[in-house]
Amino acid sequence: MRNLKRNIALLLCTLLLLAAVPALATDAFSAADLNVNTVSAGSTPDEVRAALGEPAGTSASEQAATGQSQETWQYDGLTIVFTEGKLSDAQWINPALIGPRGLRVGDGQETVLKAFRMDTAPAETGVLYSAGTVAATGAPLPPCGVLSATGDAAQVLYLAPITPYGADVQADPSSYVYQSHASLTLTLSGGDRTVSAIRWSLGALAE
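The rules behind these values
Residues numbered from 1 in each chain as written. Predicted model: local features only at pLDDT ≥ 70, side-chain atom pairs only at ≥ 80, totals over all residues. Heavy atoms only, no water. 1 Å grid on protein atoms, 1.4 Å probe; cavity = no way out; pocket = protein on both sides within 12 Å on 5 of 7 lines; lining within 4 Å. Points joined across faces, edges and corners; volume = space filled by probe spheres on them. Helix = DSSP H or I, 4+ residues; strand = E, 2+ residues; numbered from the N terminus. Phe/Tyr/Trp six-rings, centres within 6.5 Å; stacked < 30°, edge-to-face > 60°. Buried < 20%, exposed > 50% of the residue type's maximum accessible area, 1.4 Å probe, protein only. Polar contact = N/O pair within 3.5 Å; in protein donor to acceptor, adjacent residues only side chain to side chain. Contact = heavy atoms within 4.5 Å. Core = buried A, V, L, I, M, F, W, Y, C linked by side-chain atoms within 4.5 Å. Pairing = 2+ DSSP bridges. Axes fitted to C-alpha atoms, helices over the stretch in contact; angles between N-to-C directions.

Participant: I would appreciate a short explanation of the layout of surface pockets in the present structure.
Facilitator: Leftover empty space is mapped by rolling, across the atoms, a probe with the size of a water molecule. Roughly 380 Å³ of internal volume is contained in the largest pocket. Forming the walls of the largest pocket are 22 residues, and the residues nearest its centre are Gln63, Thr83, Ser88, Leu202 and Gly203. Listed by contribution, the elements that provide at least two residues to the lining of the largest pocket are β5 (78–83), β6 (86–92), β10 (180–189) and β11 (194–204).

Participant: Please explain the packing of aromatic side chains as it appears in this structure.
Facilitator: To describe a pair of aromatic rings, you give the distance between the ring centres and the angle between the ring planes. Per the stated rule, a full pass over the model turns up 5 aromatic pairs. Each ring, one from Phe29 and one from Tyr158, has its centre 6.2 Å from the other, and the planes form 40°; the classification is tilted. In this pair, Phe29 is assigned in the loop between α1 (2–20) and β1 (35–36) and Tyr158 in strand β9 (residues 153–161), connecting sequence segments 129 residues apart. The class for Phe29 is buried, based on a relative accessible area of 2%. In this structure Tyr158 comes out as buried when scored by relative accessible area, which is 0%. Arranged with centres 6.3 Å apart and planes meeting at 25°, the rings of Tyr129 and Tyr158 form a pair that is stacked. With Tyr129 in strand β7 (residues 127–129) and Tyr158 in strand β9, this pair connects stretches of sequence that are 29 residues apart. Here Tyr129 and Tyr158 have matching classes, each one buried. Taken together through their ring pairs, the aromatic side chains of Phe29, Phe116, Tyr129 and Tyr158 make up a single cluster.

Participant: Can you help me understand the side chain of His181 in this one?
Facilitator: Tracing the chain through its elements places His181 in strand β10. Polar side-chain contacts of His181 include one of 2.8 Å to the backbone oxygen of Gln179. Setting aside its immediate chain neighbours within four residues, His181 contacts Pro142, Ala160, Pro161, Ile162, Tyr165, Tyr176, Ser201, Leu202, Gly203 and Leu205.

Participant: Explanation requested: the nonpolar core in the structure shown.
Facilitator: For soluble globular proteins, nonpolar side chains are generally found buried alongside one another. Ranked by internal contacts, the top residues of the largest apolar core, which has 34 residues, are Phe29, Ile80, Trp92, Val156, Tyr158 and Leu186. Mapped onto this core, the elements with two or more residues apiece are β4 (69–75), β5, β6, α3 (109–115), β7, β9, β10 and β11. Apart from residues no more than four positions distant in its own chain, Val156 is found in contact with Val112, Leu113, Leu128, Val146, Leu147, Leu184, Thr185, Leu186 and Leu188. Val134, Tyr165, Val169 and Tyr176 belong to the second largest nonpolar core, which has 5 residues in total.

Participant: Just checking my understanding: could you explain the sheet that holds strand β3 (residues 57–62) for this structure?
Facilitator: Hydrogen bonds between backbone groups are what pair the strands of a sheet, and the pairing can be parallel or antiparallel. On the basis of which strands lie adjacent, the open sheet formed by 9 strands has the order β3-β4-β5-β6-β11-β10-β9-β8-β7 and antiparallel pairing. Of all the strands in the sheet, the pair left with one neighbour each is β3 and β7. Shown here is a sheet whose adjacent strand axes are inclined to one another by a mean of 20°, direction ignored. Looking at chain direction, β4 and β5 are connected through 6 bridges and run antiparallel. If you follow Thr72 over to β5, its bridge partner there is Val81. Each of β4, β5 and β6 is contacted by helix α2 (residues 45–52), which is oriented at about 5° to β4, the strand it contacts most.

Structure, rendered in structure tokens:
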């Protein structure tokens, strides 16, 4: 009976310790992660207005490479862009805003890295995970996460194709840059490397 009680006590202690350890994410970044508060990528102006209110200012333009119409809205510490009437880009420095997987301006590097998949044995320094390496360029093939750092400054970039790559990319992996991707960039600053800016977008990496 004494051994049984001791084993139960040890089991309870183990469970409490496990519950106190933050779980590492096992799934990679994807377009479904893109949000600002309750607004998601692809939202319409009316949906954004209902969630975030009226912008402080707006401007219209045309994307030079594609000729697509764009509209930029400015909020307090937040800039969003609509491409052909759909939310395609958001960048902010406002710590009150909640981004992909709950990340915010002010979060530490460890919090950022735990939010998405991270391989235990990366293929090379700075590559958090990837689908492989593009032989022609040496770049990691999306979906991927990359951490680059210089001194106190650092940047974490996540990329994922919006739709699975077709035969053209399979035949020539370097052509992935012409496909539409979701991207998320977190800028880390200061000695403690906290998030100072967040940006995400939808679109081709090259035109």
